[in-house]
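# Summary of the model geometry
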Amino acid sequence: MTTYRGETPEYLDCSLNSLLVCQTCKPDQLVLVVDGPIPDELDRVIKDYKNRFTDIIDVIYSPVNQGQSKASAIGFEYLRNELFARMDSDDVCVENRFERQLQIFETHKEVSVVGGWIAEFDTDPSSPHSLRVVPELHNDIIKMFRKRNPINNMTVMMTKTEVVKAGGYGRDTVNEDYSLYAHMWVNGSVFYNIQDVLCNVRVGNNMVGRRNDFRIYKDWRKDQKYLRENKKHSRLTAFISNFRCFCFVITPVWIKKLLYKSVLRKKNESGKK
C-alpha cells in the first residue's frame, strides 16, 4: 500500500482496519510506503496501527513525493513473501478477500495473478452503486486486454517472482497497472479473477475527469506496440485498441459518465458489499 498527503485520515483508518483487523485470514506483513511529507493527522493513524501491529507493519517514509509508481517500486523491495497483495489506501477489503485468494493459489498451481470484482461507492462502503465485473478464466481475461484492463489492480494477489520477471514496478507510464499485466502476459503468467467482490472502492475525487489525460493514450500505444511485437496482438487488433482508447480519452466528461453508468459498469442490484 502507498499513501500520500492528500489521503483522508478516516479513509486510511478504514482501509487498514479492513486489512489488519477484519480479515478472516490476516496478513503477516503490511508494507506501507508514505510518499512524501504528510499532515500530522494522517501520520497519527499510521503510528497508531504501527504500535498495534509492530511485527506486521513496515512503514517506509519517502522524503519527497515521487508518485504511486515509484512509491510502489520502493515498497516492493521490502516484501518478505512470495505471495503479496495490492491495496489502495482509501479502499475497503471484504473480510474474506485473502482467504479466498489463497484458496485459488492452493488449487490452481499454474496461476500467478488472482484478482476479482470491485464494488464502487461514493461515501459509504456499505452502499456501493456499481460493480466493475471482470472475466474469470485466463483466455477470457486475455481477450479483454484488447479493450481495457481485465484486472482490478486494488484486488490482486500475485507471485513476486512473476512480477520481477515482467520488470517490476516503477514504470514511466500513467498506465502502470495495465502495462505490468501486459508484460506478465508476454512472460507467460496465468491470470484468474474470482467472480465476486473483493474490494469496495471509493470513486470520488474526479475519477472520470482524470480519464481525459492524453498521456493515457500515448502510453496505451506503447503497450499495444509491445504486445504486437511479442505476437500477442495483430497489427489490426492493436490499431483498433488504440483507436478505442483515443476516442475514449477525447470524449467529454459528461459522455464518459454515461458510458461508465451504462456500459463500463454493472449496476449493483444484488446488495453485495
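A brief structural summary.

About the thresholds
- Residues numbered from 1 in each chain as written.
- Predicted model: local features only at pLDDT ≥ 70, side-chain atom pairs only at ≥ 80, totals over all residues.
- Heavy atoms only, no water.
- Disulfide = S-S within 2.5 Å.
- Buried < 20%, exposed > 50% of the residue type's maximum accessible area, 1.4 Å probe, protein only.
- Pairing = 2+ DSSP bridges.
- Helix = DSSP H or I, 4+ residues; strand = E, 2+ residues; numbered from the N terminus.
- Right-handed = clockwise from strand over helix to strand, strands pointing away.
- Axes fitted to C-alpha atoms, helices over the stretch in contact; angles between N-to-C directions.
- Parallel < 35°, antiparallel > 145°, perpendicular 65-115°, else oblique.
- Left-handed = near helix turned anticlockwise from the far one by under 90°.
- Contact = heavy atoms within 4.5 Å.
- Nonpolar A, V, L, I, M, F, W, Y, C, P; charged D, E, K, R; others polar.

## Considering the state of the cysteines
The tally for this structure, following the rule as stated, stands at zero disulfides. With no disulfide of its own, Cys-14 has Cys-22 as its nearest cysteine by sulfur position, at a separation of 8.2 Å. In this structure Cys-14 comes out as partly exposed when scored by relative accessible area, which is 29%.

## So, the pairing of strand S3 (residues 57–62)
As defined by bridge partners, strand S2 (residues 30–35) adjoins S3 across six bridges and the pair is classed as parallel. Opposite Val-31, over in S3, you have Asp-58 as the bridge partner. Following the backbone out of S2, through helix H2 (residues 40–52) and into the adjacent parallel S3, one traces a crossover that is right-handed.

## Observations regarding the packing of helix H1 (residues 9–20) against H2
Put simply, H1 and H2 touch, their axes get as near as 9 Å, and they point 15° apart. The angle between H1 and H2 places the two elements in the roughly parallel class. Note on packing geometry: the crossing formed by H1 with H2 is right-handed. Touching Pro-9, Leu-12, Asp-13, Leu-16, Asn-17 and Leu-20 of H1 are Glu-41, Leu-42, Val-45, Ile-46 and Tyr-49, all from H2. Partitioned by chemical class, the residues of the contact of H1 with H2 number eight nonpolar, one polar and two charged.

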